[in-house]
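What follows is the residue order along each chain.
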Amino acid sequence: MSPSDAQRNEHGQPVGAALPGWEPARRPDRMTLQGCRVRLEPLAPERHADSLHAAFLAPGEGPHDAPEARWTYSGGMPFADAGQYRTWLEARSESDDPLFYAIVETTEAIVETADEQTPGRALGLASYLNIVPEHGSIEVGHIHFTPALRRTPAATEAMLLMMRHAFELGYRRYEWKCNAHNAASRRAAERLGFHFEGIFRQHRVENGHSRDTAWFSLLDSEWPAVEARLEHWLAPGNFDAEGRQLNSLSKLMAG
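None of these values were measured; they are calculated from a predicted model.

Chemist: I keep staring at the overall build of the protein chain and nothing clicks. Help me out?
Modeler: Of the regular secondary structure elements, the protein chain holds six helices and 10 strands. The C-alpha atoms of the protein chain give a radius of gyration of 20 Å, which matches the 18 Å a tight globule of 255 residues would have. Buried residues in the protein chain amount to 44% of all 255 residues. Once local pairs closer than 6 in sequence are excluded, the contacts in the protein chain between residues at least 24 apart make up 62%. Between the centroid of the 26 positive side chains of the protein chain and the centroid of its 35 negative side chains there is a distance of 6 Å.

Right, dumping it as structure tokens:
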């Protein structure tokens, strides 16, 4: 909205759109988000530690995809051995902001009782953070897709589940931030329907290096169209017998 189109207060000054009846969003709690290919479970070391550790250390596709290299834009690999890893994971499981989820594969029918759920391999992490219910703003971050999850429909579905849940809780702004040099993360944000907002220059210092941060956002008014495109891309009819996509998500978003 340009200043000439803005609403004006009693002093004749331009102000943002009025929000009659606005109520703060609800905080996300520790509940499972169920999808077809994956489910997001509140991070629990007793359930997820072993499979996550194996997935974190899995070899990648060359030197730039070594386990340590995959943490370059996340401040560096946060553990050097199994003991440090367990301490690191336990600290994250106890946090409320960020609120961490394990991304767990769904390879068979889910069998649920009042006490347990059929276990599956945890193949990644993601979290809600910078949770500000009074302003309706929430961020997705600390995303770590291991080689088994990266560039798969399951990874896209995991992001859809988190986006949908945030907007169902009443948030009106959903943020994505990343190191400005992290081209893969920037492409992912745009592929998922986020809008680029700009660069925060010299935003942080990480491992002795200056970090510029790229900011992206998705608004509640934009979400219905983005959700429809994500669901269209994830539909079984968009993949051939070998699992290859027929229409790219980037093209769907551009369209």
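Chemist: Explain the packing of aromatic side chains to me, please; I cannot follow it from the model alone.
Modeler: Any pair of aromatic rings gets described here by the distance separating the centres and the angle formed by the planes. In this structure the tally under the stated criterion is 17 aromatic pairs. With 6.0 Å between their ring centres and 40° between their planes, F56 and F79 make a pair best called tilted. With F56 in helix α1 (residues 45-56) and F79 in the loop between α1 and α2 (82-93), this pair connects stretches of sequence that are 23 residues apart. Judged by its relative accessible area of 0%, F56 falls in the buried class. Here a set of aromatic residues connected by ring pairs shows up, and it is made of F56, W71, F79, Y85 and W88. The ring of W215 has K177 sitting right over it, with the charged end atom 4.3 Å from the ring centre. Lying over the aromatic face of W233, R191 brings its terminal NZ or CZ to 4.8 Å of the ring centre.

Chemist: Can you help me understand the environment of P98 in this one?
Modeler: Looking at the element boundaries, P98 is found in the loop between α2 and β5 (99-105). Taking C-alpha positions, P98 is 9.0 Å from V140, a pair spaced 42 residues apart along the chain. Contacts of P98, omitting those with residues within four sequence positions, involve S127, Y128, L129 and H142.

Chemist: Whenever I open this one, the layout of surface pockets confuses me. Can you help?
Modeler: Over the atoms a probe the size of a water molecule is rolled, and this reveals where empty space is left. Roughly 160 Å³ of volume is contained in the second largest pocket. No other element matches the three residues that strand β10 (residues 209-219) contributes to the lining of the second largest pocket. Across the lining of the second largest pocket, the residue classes tally to one nonpolar, seven polar and two charged.

Chemist: I'm lost on the pairing of strand β8 (residues 173-179) in this one. Help?
Modeler: Consecutive side chains along a regular strand alternate between the two faces of the sheet. Of all seven residues that make up β8, seven are buried, and the element is covered over most of its length. Tracing the backbone out of strand β7 (residues 137-145), into helix α3 (residues 153-168) and back to the parallel element β8 gives a crossover that is right-handed. Inspection of the sheet shows β8 paired to β10 by seven bridges, in the antiparallel sense. Residue pairing in the sheet places K177 in a bridge with W215 of β10.

The rules behind the values
- Residues numbered from 1 in each chain as written.
- Predicted model: local features only at pLDDT ≥ 70, side-chain atom pairs only at ≥ 80, totals over all residues.
- Heavy atoms only, no water.
- Helix = DSSP H or I, 4+ residues; strand = E, 2+ residues; numbered from the N terminus.
- Rg over C-alpha atoms; globule rule 2.2 N^0.38 Å.
- Buried < 20%, exposed > 50% of the residue type's maximum accessible area, 1.4 Å probe, protein only.
- Contact = heavy atoms within 4.5 Å.
- Lys, Arg positive; Asp, Glu negative; His and termini not counted.
- Charge placed at Lys NZ, Arg CZ, Asp CG, Glu CD.
- Phe/Tyr/Trp six-rings, centres within 6.5 Å; stacked < 30°, edge-to-face > 60°.
- Lys NZ or Arg CZ within 6 Å of the ring centre and 35° of its normal.
- 1 Å grid on protein atoms, 1.4 Å probe; cavity = no way out; pocket = protein on both sides within 12 Å on 5 of 7 lines; lining within 4 Å.
- Points joined across faces, edges and corners; volume = space filled by probe spheres on them.
- Nonpolar A, V, L, I, M, F, W, Y, C, P; charged D, E, K, R; others polar.
- Right-handed = clockwise from strand over helix to strand, strands pointing away.
- Pairing = 2+ DSSP bridges.

None of the figures reported here should be taken as evidence of function without further support.
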